[in-house]
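Listed below are the residues making up each chain.
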Amino acid sequence: RRLQLWWAQRLGGSRCPRAGDPPCGVVAIAGSGRGGAAFEREDLDTLGCIEACANSGVRTLLLHGTNDKNVDLNFAHHCFHFGREMCRTADAVNAGAKIALVVLAGSPHMLDV
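Since the model is a prediction, treat every value here as computed from it, not as a measurement. Starting afresh in each chain, residues are numbered from 1 along the sequence in its written order. In keeping with the predicted nature of the model, local features appear solely for residues at pLDDT of at least 70, side-chain atom pairs appear and are counted solely at 80 or more, and the whole-chain, interface and lining totals rest on all residues. Note that water and hydrogens are dropped before the side-chain values are worked out from all heavy atoms of the structure.

A word on the overall build of the protein
How we decide: Helix and strand labels come from DSSP, where a helix needs a run of H or I of at least four residues and a strand needs a run of E of at least two; each type is numbered from the N terminus. For the exposure calls, accessible area comes from a 1.4 Å probe over protein chains only, and a residue counts as buried if that area is under 20% of its type's maximum, exposed if over 50%, partly exposed in between. The contact criterion used throughout is that any non-hydrogen atoms of two residues lie within 4.5 Å. Surface exposure here means Shrake-Rupley accessible area, sampled with a 1.4 Å probe, where a residue is shielded only by the protein chains that are shown.
When you go through the protein residue by residue, the secondary structure sums to five helices and three strands. Taken across its 113 residues, the protein has 32% of its residues classed as buried. Contacts spanning at least 24 positions in sequence make up 63% of the contacts within the protein whose residues lie at least 6 apart. Surface summary for the protein: the accessible area is close to 7,200 Å², and the carbon and sulfur share equals 52%.

Below you can see the structure in the form of structure tokens.
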């Protein structure tokens, strides 16, 4: 909750959501940009989630470690650039959508924060 408040304030928000409100922001997006049956069975779609967040005005923070052996850092950059384009649509701009990427030097797949 503290991270959510910090992130909302950092991006220009001032409140945390009440029950039933959409979240101030998202700091974890489960899914796979590579696809695969296991992810499809669970309906996990990284780029689709990023697009939905932008269209809903939900602020998104992508975290990625440089020592991640499971997901290439280039994919994090791809997600960021995709999200940035999604945040430029009129609906996303009007909703206040924003996205940021933080790369954590030396952190593995599950991060050391």
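So that's the structure; there's more coming.
Some words on the nonpolar core
Where we set the bar: Here, nonpolar core refers to any group of buried Ala, Val, Leu, Ile, Met, Phe, Trp, Tyr and Cys residues whose side-chain atoms link them within 4.5 Å.
With twelve residues, the main nonpolar core is built from Ile-50, Ala-54, Leu-62, Ala-76, Cys-79, Phe-80, Met-86, Cys-87, Ala-92, Ala-97, Ile-99 and Leu-101. Contributions of two or more residues to this core are made by helix H3 (46-56), helix H4 (73-86) and strand S3 (99-104). Of all the elements, H4 adds the most residues to this core, at four residues. In this view, Ala-97 contacts Ala-54, Gly-57, Cys-87 and Ala-92; residues no more than four positions away in its chain are not counted.

Considerations on the state of the cysteines
Test applied: In this description, the term disulfide denotes a pair of cysteine sulfurs within 2.5 Å.
Taken as a whole and judged by the stated rule, the model has zero disulfides. Not part of a disulfide, Cys-53 finds its nearest cysteine sulfur in Cys-49, a span of 4.2 Å. Judged by its relative accessible area of 7%, Cys-53 is buried.

Quick look at the pairing of strand S2 (residues 59-65)
This is how it is decided: Note: two strands are recorded as paired if DSSP finds a minimum of 2 bridges between them.
Judged by how many residues are buried, S2 sits mostly within the fold: six of seven residues are covered. Across six bridges, the pairing between S2 and S3 is parallel. For Leu-63, the partnering residue across the bridge sits in S3 and is Val-102.

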